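Below are the chains, spelled out letter by letter.
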Amino acid sequence: MRRRTIVPSLALLLLLAAACTGPTAGGPAPEAERKLDLKVGGAFGARPTIVFPAGRPAADLQVAELTTGGGDRLSDDDVAVVQYTAHVWDGRDNRLVDSSFNRGAPAAFPVGSLLPGLGRALRGRTVGSRVLAAVPPDQGFGGAPPRGLGPADDLVYVVDILGAHRKGASVEAAGGSLAGVRVTGGERPKVSIPDAAPPRAFTAKVLRRGSGSPVRAGRLLVTQYEGAIWARREVFDATWSTGLPKAFRIGDGTVIKAWDKALDGVPVGSRVLMIVPPAYGYGAPGHPAYGIKGSDTLVFVVDVLAAY
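Model, not experiment: these values are computed from the prediction.

Quick look at the pairing of strand β13 (residues 220-229)
Phase 1: Buried residues dominate β13, accounting for 10 of its 10 residues.
Phase 2: Alternating positions in β13 separate into two faces, Leu220, Val222, Gln224, Glu226 and Ala228 on one and Leu221, Thr223, Tyr225, Gly227 and Ile229 on the other, with burial throughout.
Phase 3: The pairing of β13 with strand β15 (residues 246-249) spans 4 bridges and is classified as antiparallel. Looking at β15, one finds that threonine 223 is bridged to lysine 246.
Phase 4: Examined bridge by bridge, β13 and strand β17 (residues 298-307) share 9 bridges and lie antiparallel to one another. Residue threonine 223 lies in a different strand from β17, and its bridge partner there is valine 304.
Phase 5: Where β13 meets strand β14 (residues 234-238), 4 bridges bridge the pair, whose relative direction is antiparallel. Considered in β14, the bridge of glutamate 226 is made with alanine 238.
Phase 6: Between β13 and β14, which pair antiparallel and follow one another directly, the connecting turn spans 4 residues, one of which, arginine 233, has a positive phi of 50°.

Written out as structure tokens, the structure reads:
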């Protein structure tokens, strides 16, 4: 069985550097606003076209808000769901280096963990906005770029902000139980596992059924969750520990089989409890990084906050 992760990376290596964050601010940095000669075509939410002028960009960060939305304003504690396109601006072929459109689903950006220039460009922008940013190397990856980029590469992003999800976001739900596992209600549920052998079959229960649209394969889900190992009755991973939601796609082999099975068709706004035997989790290899053995049954409680 191919190794699968519980939740895929929140954004691509090209766009994130967890140790590099820009200055905090309540809105866009005015000094970052510049007139750009780049010409961007296409509607908000659709794949953009970019026409580059001759030559290389200016040495400083350049940002333009091409469309202004009327939604919530982004802060460092938010996870932004976006469609984006990224190019190297080298004055030659200005090659495309990444795009959510090529991946078939939006991406999730933790605003406080983006490259400094991209974080400055997006911080304080509103949902529904399209932002154009030319990011110089010293506000990007600098001297330690990922494979495929050079230390002197300037980057250009077109980012459409589709949604913002706040730190601590959660589904309001009462408690519940399944096969002896009990879950408390409230904004941050607690899982209690009985001192007994786990069931051998996969099982799941919707503790609170939301009123949103049903989740379908291929969509990007924004979630809060907690995962525990039955045998040791201990939590091995939880977004509620930091409060920052995480996002992933279902139905494409990115997540474990249990999540694909339990969450498909569940409406947004639901809380789901699942008991996961090895065949629906990590199989015989287990997941050593999380202390999960090949024989371990897992327990998850998942809040489905949004689907894109």
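Topic: the confidence of the model for the protein chain
Phase 1: Per-residue confidence for the protein chain gives a mean pLDDT of 89, with 89% of residues at or over 70.
Phase 2: Segment residues 1-26 is flagged for pLDDT under 50; beyond a separation of four residues in sequence, or across chains, it makes 95 contacts in the model.

What about empty space enclosed by the protein?
Empty pockets left among the atoms are what a rolling probe the size of a water molecule brings to light.
Phase 1: Enumeration over the complete set of coordinates arrives at 2 cavities of 30 Å³ or more.
Phase 2: Considering only enclosed or pocket space, the largest cavity measures out at about 60 Å³ in volume.
Phase 3: Surrounding the largest cavity, Val135, Pro136, Pro137, Gly140, Phe141, Gly142, Pro145, Leu149, Gly150, Pro151, Asp153 and Leu155 form its lining.
Phase 4: Among the residues forming the lining of the largest cavity, the class breakdown is 8 nonpolar, 3 polar and 1 charged.
Phase 5: The computed volume of the second largest cavity comes to approximately 30 Å³.
Phase 6: Around the second largest cavity, the lining residues are Val276, Pro277, Pro278, Gly281, Tyr282, Gly283, Ile292, Lys293, Asp296 and Leu298.
Phase 7: Tallied by class, residues from the lining of the second largest cavity come to 6 nonpolar, 2 polar and 2 charged.

Remarks on the sheet that holds strand β10 (residues 181-183)
Phase 1: Strand order in the open sheet made by the 3 strands is β9-β10-β11, with antiparallel pairing throughout. Whereas interior strands pair on both sides, the edge strands pair on one side only; in this sheet they are β9 (176-178) and β11 (191-192).
Phase 2: Sheet topology places β10 next to β11; 2 bridges connect them, and they run antiparallel. For valine 183, the partnering residue across the bridge sits in β11 and is valine 191.

A word on the environment of tryptophan 259
Phase 1: Looking at the element boundaries, tryptophan 259 is found in helix α3 (residues 257-263).
Phase 2: When the C-alpha positions of tryptophan 259 and alanine 204 are compared, they lie 9.7 Å apart, and in sequence the two are 55 residues distant.

So, the nonpolar core
Phase 1: Judged by nonpolar contacts, the single largest core of 27 residues is most densely connected at Leu74, Val82, Phe109, Leu118, Leu122, Tyr157 and Val159.
Phase 2: Only β4 (79-89), β6 (107-110), α2 (116-122), β7 (130-135) and β8 (154-165) provide two or more residues apiece to this core.
Phase 3: In contact with valine 159, other than residues within four places in its own chain, are Val82, Gln83, Tyr84, Leu118, Leu122, Ser129, Arg130 and Val131.
Phase 4: Membership of the second largest hydrophobic core comes to 26 residues, among which are Phe248, Val266, Val268 and Ala307.

Quick look at the packing of aromatic side chains
Phase 1: Tallied over the full model, the rule gives 8 aromatic pairs.
Phase 2: Relative to phenylalanine 109, the ring of tyrosine 84 lies with its centre 5.4 Å away and its plane at 45°, an arrangement referred to as tilted. Residue tyrosine 84 is located in strand β4, and its partner phenylalanine 109 is located in strand β6; the two are separated by 25 residues in the primary sequence. Like phenylalanine 109, tyrosine 84 is buried.

Each value, and the rule that gives it
- Residues numbered from 1 in each chain as written.
- Predicted model: local features only at pLDDT ≥ 70, side-chain atom pairs only at ≥ 80, totals over all residues.
- Heavy atoms only, no water.
- Buried < 20%, exposed > 50% of the residue type's maximum accessible area, 1.4 Å probe, protein only.
- Helix = DSSP H or I, 4+ residues; strand = E, 2+ residues; numbered from the N terminus.
- Pairing = 2+ DSSP bridges.
- pLDDT = per-residue confidence, 0-100.
- Contact = heavy atoms within 4.5 Å.
- 1 Å grid on protein atoms, 1.4 Å probe; cavity = no way out; pocket = protein on both sides within 12 Å on 5 of 7 lines; lining within 4 Å.
- Points joined across faces, edges and corners; volume = space filled by probe spheres on them.
- Nonpolar A, V, L, I, M, F, W, Y, C, P; charged D, E, K, R; others polar.
- Core = buried A, V, L, I, M, F, W, Y, C linked by side-chain atoms within 4.5 Å.
- Phe/Tyr/Trp six-rings, centres within 6.5 Å; stacked < 30°, edge-to-face > 60°.

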